Amino acid sequence: MNKPLLIEIGVEELPAIPFLKELPNIEKKWANILENNRLLCDFDFFYTPRRLVLWHREFQIKQEDSVEEMFGAPVKIAFKDGEPTGAALGFAKKCGVDVSKLDRIDQGRGEVLYFKKEVEGTDSKDLLNGMINEFISSLNFGKSMRWASRTDSFIRPIRSLCVMLGEEIVDANLYGVKSSNYSFAHRMVSYEPFTFEFAGDYFCKLDKNGVVLYPDERRKTILEQMKKIEKENGIKIEIDTELLEEVVAITEYPTALLGKFDEEFLELPEEVIVTSMKEHQRYFAVYKDGELTNNFIVVSNSKTEDFTQIIAGNEKVLRPRLADGMFFWKNDIKNGLSNEGLKKLVFVEGLGSMYEKVQRETKIASLLADTFKVEEKELLEKAVYLAKADLMSEMVYEFTELQGLMGYYYAKIAGEDEKVYTAIKEQYLPDGEDSELPSSKFSSIVALSYKLDNLLGLFSVGKIPSGSKDPFGLRRAAAGIVKTAIEHKLPVDLGKIIDALSSEYKGLDKTQLIEFFNERLFKIFDVNPSVIKAVLGSGETDVYEISKKLCALNPIVLSDNFKEYTTTFKRVANIIKDLDITSELSIDESLLEDDAEKQLVSKFNEVISKEYSNYEEELDALFGLKPQLDNFFDNVFVNHENQAIKTNRKNTIGKVYQAFKKIADIQEITI
C-alpha cells in the first residue's frame, strides 16, 4: 500500500552559492538513502531560501518482505567427529537459531553452513526519522554553523520540520526540532506559522501565503517579467545564467524591477560596472543598441503592490559601490602600471615573488619568439613586463576577476602599442573549456609564457595535481597550451622548451611533466585512445605536430578497410619484436634473393625518397606498402639459415616499421 509522503525542512535563509554547488547532489543522496532502505520511488525536490521539500506522490508505508541469506564456515571446520565446533555454534548464534536449524550448501568449493530467513519489512514511519537525519548529515555545503546549545551543525539553523505520511504526522526529530504540521509563509505575508491537514492543503496554502515553491516556476516568472520590461523600454537585459540561478535560489516570490544609476558612472569600463552590480548586488546589466545603459534589473523578494521604495533603495545602495569603482579607476590611471610592487607579492613558496615570475615569463617569451620567428621581441618583453602590473591596482584588489582586463584598459590609456594591451587582456586565455583563445600569435606567446611558467615552476617545487585536486589549475593550463598551439599552428615542442629552460627550474622532472601533458590529449581529442598512444609512441613532444599526426591517422583507423591493415601490421610487429628498433638499420640489396623482398625494398625506397606536404600523404604512401608486405610475408622465409640474409630480411621489415614510427607506433592501435 502506498501513501503520499511530504517532507519539509524549514531553515533560516540559505546562502545561494554553497547551496547551488551542492544542488546537483541532493536528489542523488536522497535516492541512495531510499534505495538502501528498500523504499526507492519517484520523488520531486523543491527549494526556496527557507525550505527544502521532498515530495513523494506514492510512498510505500512498509518495506517489502525480503529473504536474507547467510553463509558460514566450511562444514569440515564447523563439525568435528559429528559435533559442532565453535565456528558452527558462533554462526548459529549469529543467525539466532539452534545449530540443528542450519543448512548446508555447496558453491563449488565444498559445503559451507547456510541459513536463509524471511525478513519482514519495517514500517516506513519507523525508518523515516533516521533516513532524514542521515540525509541532512550527508549534505555538504562547505562551511556549517552551530546555534543555541547544540553541538551538531548545519549550513543554517533549522526552524521547522514536517514529515507527513498520508494525513499522519510521522514522529521525527531533526536537530531538536520535532515534526509537526505547520510551515511558514512569506515574511511579508505573516511571521506566524500556518497549519495544514494533508499534502494538498500544504501546497495550496503555500501558494496563498506568498511562497512560489517550485524553482522552475520562479525562473519562468523572472524571465517573463524581464521580457516584458525589455519590450516596454526598448532595452536588452543580459541574462547571466549563474546570476539567474542565484536569484532563483534567494527568492520565494520574485519580481523583476528596472532601476537606474547616475549616467556619469558610464565612464567606467563596462566590465567594472557589470561586475560591481553582479557581485555586490545581484543586479542584471541592461543594454540598448549594443551599449551598456545606466539601468539595471533587480529581482525583489518582496510581496507588495508598490515597489517604488524598493527600487529607490536599490539605487541608493548601488551608488556608493560605483563611486568606489570610480575612485579606484581614477587613482589607478594616475598611478599608472608599474611592476615594482610585485617584488613584495609572493607567487608560490619556492618560486619567489610575482616579479621573479614575470622575469621567468620574459625568458620563455623570448624563446618562443625565436621559435615562432616573431621579430617584435622588444614589444613582447614590454607586454610580458606589464602583464601582471594590474595586480597592484586598487581595482583588481577589489575585483580580482578583472585582472588582465584592467591592465588592458590602463595600458591602452597610457598609450601603449595595441599589440601590447591586447596581449595583456588575453594573457589568461583560454580560461575555460569553451573559452576564447588568444587572437594572435603575439598574444599567444604572452599567454603561453604565463601557462608554461606555471607548469614548469609548480612541477619543479612538487605542486603537482593529484586525483581530483588541482588548486593551481594546471590541467586547464596544459589544455590551454595545446589548444592555443593548434589554433595558431605554433610549434610548441615541450621537450625542447624544458631542455632550454632547465636552469630556471632546478627540480623539474621532464618525463613527469611531458606525461602530464600527454594525459590532457586524451581529454582534448575525440579519437580512439589507442590512436593517441600510437602517435605518442613516435616520441613526438611538439603538441602541434602531435595534433597533425592524430588528424592524419585517425580517419585511416576509422576507415572500413583498416581491419585489413591490422593483420599485416601485427605480422610486422611480430617480426621486429626482437629487433633493436632504435638502432640504425641497413638493408644490403645484394642479399635480396626473392622477388617479393626485392619488390618490397624497391617500393619502400620509392616511398621514403619522396617529400610529402603533410602527414596524410605520407601515411597514404606508407599504408600503400600493404600489397608488397603481404606478398613478402606469404613468400619469403624470414628465419633463413644464412644469418646475414635473416638479419637483412628482419632489417627490411624493421625499416618499414621505423618509417611508420616517425608518425605513429602502429602496433599500439587497437580497434
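Structure shown above.
Keep in mind the model is a prediction, meaning the values are calculated, not measured.

Draft legend 1. Quick peek at the sheet that holds strand β7 (residues 103–106). Ordered in space as β4-β8-β7, the three strands form an open sheet in which the pairing is antiparallel. The open sheet has two free edges, formed respectively by β4 (66–74) and β7, since each of these has just one partner strand. Averaged over neighbouring strand pairs, the angle between their axes works out to 40° when direction is ignored. In this structure, β4 lies alongside strand β8 (residues 111–119), joined through seven bridges in antiparallel fashion. The residue bridging P74 from the neighbouring strand is V112, located in β8.

Draft legend 2. Structural context of the sheet that holds strand β1 (residues 2–11). If you trace the five strands from one edge of the open sheet to the other, you get β2-β3-β1-β9-β10, paired in antiparallel fashion. Each of the sheet's edge strands pairs with one partner strand only, and the pair in question is β2 (44–48) and β10 (168–169). Against the sheet, helix α4 (residues 128–138) contacts β1, β3 (51–60) and β9 (158–165), and its axis sits at roughly 45° relative to β1. Set on the sheet, helix α5 (residues 199–208) makes contact with β1, β3 and β9; between it and β3 the angle comes to about 150°.

Draft legend 3. Just the side chain of S124, in detail. Along the chain, S124 turns up in the loop between β8 and α4. Residue S124 is classed as buried on the basis of its relative accessible area, which comes to 0%.

Draft legend 4. Main features of unusual backbone geometry. Across the junction of L429 and P430, the peptide omega takes the value -10°, indicating a cis bond. You can see P430 is positioned in the loop between α14 (418–426) and α15 (441–460). A positive phi angle, close to 55°, is found at D289, a residue other than glycine. Residue class for D289 comes out exposed when judged on its relative accessible area of 75%. In this structure, K373 is a non-glycine residue whose phi angle is positive, near 60°. Secondary-structure assignment places K373 in the loop between α10 (354–372) and α11 (377–387). Look at K373 and you get exposed, because its relative accessible area is 70%.

Parameters at a glance
Residues numbered from 1 in each chain as written. Predicted model: local features only at pLDDT ≥ 70, side-chain atom pairs only at ≥ 80, totals over all residues. Heavy atoms only, no water. Pairing = 2+ DSSP bridges. Helix = DSSP H or I, 4+ residues; strand = E, 2+ residues; numbered from the N terminus. Axes fitted to C-alpha atoms, helices over the stretch in contact; angles between N-to-C directions. Contact = heavy atoms within 4.5 Å. Buried < 20%, exposed > 50% of the residue type's maximum accessible area, 1.4 Å probe, protein only.

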